[in-house]
Amino acid sequence: MAITISAVILAGGKARRMGGRDKGLQLLYEKPLILHMIENLQSQIQEISINANRNHSEYEKFGFPVFADELPDFQGPLSGMLTTLEKANTDFVLFTPCDSPFFPGNLLVKLKSAVENDRTLIAYACNEEREHPTFCLMSASLKDKLRDYLASGERRLLRFMQENGGVAVKFAPNEGTFVNFNTLKDLQ
């Protein structure tokens, strides 16, 4: 039986290093970062939503559903992931951050292959340098474990993945890059 997958772009952070500006709406090559993410994702998957904790009307202009974290106070990417998993009508959700537009065009294919072949509930991206856990494919069945993890005060994404049998999937430099834009200077 084929697994069903939807995608969510995580744009719910405080963007402290960007002076508090909404990261996904900042321009790179005269286009908002979120639009770069959408365009790259659309070649891989059709069902896309945006997790944002502010500027909903701006994000809605891109034509995709927008929703906020259920937990208050910008509690990090896991908070957006929990809200997503609780709302999900698919077996798995492909997550990406909003600030890394040059990610691999085969992201979904490779993560899905890992989930199916390794029979795991989480597959996340890595390259030769480090892990990139905000690029992941996660089973909606993990929502209860994630809710308990956050309720315990934990916020470390990679730790949650490792505790739940997450599999790292390596991407080569020629497949794409996970460089993200954290400051206004990065965007220049």
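These numbers come from a predicted model, not from an experiment.

Definitions and cut-offs
- Residues numbered from 1 in each chain as written.
- Predicted model: local features only at pLDDT ≥ 70, side-chain atom pairs only at ≥ 80, totals over all residues.
- Heavy atoms only, no water.
- Helix = DSSP H or I, 4+ residues; strand = E, 2+ residues; numbered from the N terminus.
- Buried < 20%, exposed > 50% of the residue type's maximum accessible area, 1.4 Å probe, protein only.
- Areas by Shrake-Rupley, 256 points an atom, 1.4 Å probe, with all protein chains shown as cover.
- Pairing = 2+ DSSP bridges.
- Expected span 1.5 Å × (residues − 1).
- Arc of directions from axis to C-beta.
- Contact = heavy atoms within 4.5 Å.
- Phe/Tyr/Trp six-rings, centres within 6.5 Å; stacked < 30°, edge-to-face > 60°.

(A) The arrangement of the overall build of the protein in detail. Helix and strand counts for the protein stand at six helices and nine strands. For the protein, the residues scored as buried account for 50% of the 188 residues in total. A total accessible area of about 9200 Å² is found for the protein, and carbon and sulfur atoms account for 48% of it.

(B) The pairing of strand 1 (residues 5–11), seen in detail. Among the seven residues in strand 1, seven count as buried, and that is most of the element. Here strand 1 shows a buried face lined by I5, A7, I9 and A11 and a second buried face lined by S6, V8 and L10. As judged from the six bridges shared by strand 1 and strand 6 (residues 92–97), these two strands associate in the parallel manner. Within strand 6, the residue paired with I5 across the bridge is F92. The pairing of strand 1 with strand 4 (residues 48–52) spans five bridges and is classified as parallel. Paired with A11 across the two strands is A52, which belongs to strand 4.

(C) The arrangement of helix 4 (residues 107–118) in detail. With 12 residues, helix 4 should reach 16 Å at 1.5 Å per residue; the first-to-last C-alpha distance of 16 Å fits that figure. For helix 4, the full list of buried residues reads L107, L108, L111, A114 and V115. Down the axis of helix 4, the buried set is contained in an arc of 135°. They therefore lie on one face. Turned more than 90 degrees off the buried face of helix 4, the exposed positions are V109 and N117. The secondary structure elements touched by the buried residues of helix 4 are strand 1, strand 6, strand 7 (122–126), strand 8 (131–139) and strand 9 (167–170). Looking one or two places after helix 4, you find R119, whose phi comes out positive at around 50°.

(D) Region of interest: the packing of aromatic side chains. Tallied over the full model, the rule gives four aromatic pairs. Plain terms: the ring middles of F103 and F135 are 5.5 Å apart, the flat faces sit at 40° to each other, and that makes the pair tilted. Taken together, the residues F103 in the loop between strand 6 and helix 4 and F135 in strand 8 connect sequence positions 32 residues apart. The residues F103 and F135 share a single accessibility class, namely buried. Judged by centre distance (5.6 Å) and plane angle (75°), the ring pair of F171 and F178 falls under edge-to-face. In terms of burial, F171 and F178 fall into one category: buried.

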